[in-house]
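Inside the fold
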Amino acid sequence: MIMKSGEHWHCTNVACRCSVFVETTGEIEGSNPRCSCGSVMKKDYFPPVFGEMESVDFPELDLISKVSGRE
Ligand SMILES: [Zn+2]
């Protein structure tokens, strides 16, 4: 398993939820790195485009809030 610089990894243990930011690309033994709590860590996945995401409105969420807020 290769951990590339710039990646974020998070612990799969919900009670721990530790996350790490990879500063230097490196390779470790085994399939997945392990957290200090002993649980397997997994790589976070982000959408490839960040800049456009922030300008996008979510009409579905807006609609839900309006409907639920109606008396
Ligand atoms: Zn952990």
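Residues numbered from 1 in each chain as written. Predicted model: local features only at pLDDT ≥ 70, side-chain atom pairs only at ≥ 80, totals over all residues.

Examining the overall build of the chain
Broken down by element type, the chain carries 2 helices and 5 strands. Counting from the amino terminus, helix and strand elements in the chain follow one another as β-β-β-β-β-α-α. A buried classification covers 3% of the 71 residues belonging to the chain. Nonlocal contacts in the chain, meaning residues at least 24 apart in sequence, comprise 43% of its contacts between residues at least 6 apart. (Helix = DSSP H or I, 4+ residues; strand = E, 2+ residues; numbered from the N terminus. Buried ≥ 20, exposed ≤ 12 C-beta atoms within 10 Å, placed from the backbone. Contact = placed C-beta atoms within 7 Å.)

Let's talk about the environment of S31
Topologically, S31 is positioned in the loop between β4 (26-27) and β5 (41-43). With 7 C-beta atoms counted inside 10 Å, the residue S31 sits in the exposed group. Separated by 10 residues in the primary sequence, S31 and M41 place their C-alpha atoms 10.0 Å from one another.

Considering unusual backbone geometry
Here R17, not a glycine, exhibits a phi torsion of approximately 55 degrees, which is positive. Position of R17 among the secondary structure elements: in the loop between β2 (8-11) and β3 (19-21). Take R17: there are 11 C-beta atoms within 10 Å of it, and that puts it in the exposed class.

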